[in-house]
Each structure stands twice: as C-alpha cells, then as structure tokens.
Amino acid sequence: VLVEQEKTPQTYLMMGQVVCDAKNIKDMLALEMIKRIMASSPTSRLLANLRESKGWTYGVQSSLIPLVNKSAFTFTSSIQIPYGFDALNEILSEIKKMQNTLISNEELTFAKNSVLGWFNDWYLSLDSSVETISLAFLHDMHVGYESASYDIANNIKAEDIQDVAKKYLSQERMIVIAVGDTEIM
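Criteria and thresholds
Residues numbered from 1 in each chain as written. Predicted model: local features only at pLDDT ≥ 70, side-chain atom pairs only at ≥ 80, totals over all residues. Heavy atoms only, no water. Helix = DSSP H or I, 4+ residues; strand = E, 2+ residues; numbered from the N terminus. Expected span 1.5 Å × (residues − 1). Buried < 20%, exposed > 50% of the residue type's maximum accessible area, 1.4 Å probe, protein only. Arc of directions from axis to C-beta. Pairing = 2+ DSSP bridges. Contact = heavy atoms within 4.5 Å. Axes fitted to C-alpha atoms, helices over the stretch in contact; angles between N-to-C directions. Parallel < 35°, antiparallel > 145°, perpendicular 65-115°, else oblique. Nonpolar A, V, L, I, M, F, W, Y, C, P; charged D, E, K, R; others polar.

(A) Molecular detail of helix H3 (residues 84–100). With 17 residues, H3 should reach 24 Å at 1.5 Å per residue; the first-to-last C-alpha distance of 24 Å fits that figure. Gly84, Ala87, Leu88, Ile91, Leu92, Glu94, Ile95, Met98 and Gln99 are the residues of H3 that are buried. Viewed end-on, H3 has its buried residues packed into an arc of 155 degrees, placing them on one side of the element.

(B) Just the pairing of strand E5 (residues 175–180), in detail. Examined bridge by bridge, strand E1 (residues 2–4) and E5 share 3 bridges and lie parallel to one another. When the sheet's bridge partners are listed, Leu2 is paired in E5 with Ala178. Taken together, the 5 bridges between strand E2 (residues 10–18) and E5 define a ladder with antiparallel strand orientation. Looking across to E5, one finds that Met15 is bridged to Val176.

(C) Geometry of the environment of Val179. On the secondary structure map, Val179 appears in strand E5. Spatially, the C-alpha atoms of Val179 and Ser104 are 34 Å apart, while their sequence positions differ by 75 residues. The contact partners of Val179, leaving out residues within four places of it in the chain, are Val3, Gln5, Gln10, Thr11, Tyr12 and Met185.

(D) The sheet that holds E1, seen in detail. Reading across the sheet, the 5 strands line up as E1-E5-E2-E4-E3 and stay open at both edges, with mixed pairing between neighbours. Each having just a single partner strand, E1 and strand E3 (60–66) make up the two edges of the open sheet. This sheet shows a mean twist of 15 degrees between the axes of neighbouring strands, independent of strand direction. Where E2 lies against strand E4 (residues 71–80), 9 bridges are found, and the strand directions are antiparallel. Note on E4: the bridge partner recorded for Met14 is Thr76. Of the strands in this sheet, E1, E2, E4 and E5 are in contact with H3, which crosses E2 at around 30 degrees.

(E) Examining unusual backbone geometry more closely. Along the chain, Ile81 connects to Pro82 via a cis peptide bond; the corresponding omega equals 10 degrees. Relative to the elements of secondary structure, Pro82 occurs in the loop between E4 and H3. A positive phi is found at Asn69, a non-glycine position, where the angle reads about 75 degrees. Following the sequence through the fold, Asn69 ends up in the loop between E3 and E4.

(F) Broad picture of the packing of helix H1 (residues 25–39) against helix H7 (residues 158–168). Taken N-terminus to C-terminus, the directions of H1 and H7 make an angle of 95 degrees; their axes are 9 Å apart at the nearest point. Relative to H7, the element H1 lies roughly perpendicular. Here H1 contributes Lys26, Asp27, Ala30, Leu31, Met33, Ile34 and Ile37 to the contact with H7, which in turn contributes Asp160, Ile161, Val164, Ala165, Lys167 and Tyr168. Residues of the contact of H1 with H7, tallied by class, amount to 9 nonpolar, no polar and 4 charged.

(G) Here's a closer look at helix H4 (residues 105–121). Spanning 17 residues, H4 covers 25 Å between terminal C-alpha atoms, matching the ideal 24 Å at 1.5 Å per step. When H4 is considered as a whole, its buried residues turn out to be Leu108, Ala111, Lys112, Ser114, Val115, Leu116 and Phe119. Residues of H4 that are buried make contact with H1, helix H6 (145–154) and H7.

Shown next, in the form of structure tokens:
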C-alpha cells in the first residue's frame, strides 16, 4: 500500500503479518527472539544494516503483538528518501537470511538472555503485573504458564528460530505500507 505524502524527507515503512496464536508459547517465544535479533538492539541485524552500514535511518523497530486467536509481527522505520524501496528490499533480504541460515551462537545467546531477562519485567510494577495477568486471562493461559515459558525459552535452539521464521515470516503474506513522496520513494 502506497500512501502519498508529498515533500516529506523520509518514507515511513511499516510491514507485518498475522502470525500464530498467543497460546502457542514456543512459537511466540521464538518470534520474540527473532524480533530482538532483527530490530530491537543497537547490534540488531536491521539496525546494523540500515543505519550503521547504509545511513538510511535512525532506527528500526519490531513488534510482536498478542491478539485473540492470532498475533501480529511488524517492522517499522522512517527511511531517508530516496531509499524507501531499497530499505524494504534489505528488510526482506534479512528475513530470507533468517529463514535460510542458522543464527550464530552469539545471536542465540543474546536473544535468549534478552527474553529471559524480559520475564523479570512481567511483575516488576503494578502496571506490568496487571498487563501480564490481563494477557493471561485474555488468552486463557493456564496457571503457571510463566514458569513454563521460561523453561521453553531457555531450550529454544537456532533450528527452532529458523523453523519459525520459515513458518510465519512469508513475503507473500507480508503487508507493506509505505508513506511518503511516491515520486522519489
């Protein structure tokens, strides 16, 4: 989807797709790890590529949003013109790499540590406790799913992440929205 916004200095890219049910804990945790490897830290693949290597953006974000029955996985970034479509192709290329090549041991360790540390935040404050309990209620999660999730995350392997990338991150099902000056995008 192209949205015309004349005379803008950047192209806003949002791309994403529907993925698994939030109750599919193993796949959700693998997607959370993919999210962190791809776009949620200074050393993430997309930030290293689009910002550090190419200088096209200040940042790339990714989200995994648990919804009822399905969840949404997204990437967003504001890209300097005229590199919007080039950046889109780079993101798709990084997804393809995730599907075709096992992640490194360093990336797996980073992703696991990041996700395992994230569990601490679930009950860090009253707000996060309410959100955690609300999500569990909304998705009809069993009592004790938090500790089961920790064990599952701790046992995810590079092959699991590759399998989940192949299973859910499909270029054919990906919805892409680009907002900017379409003449020079």
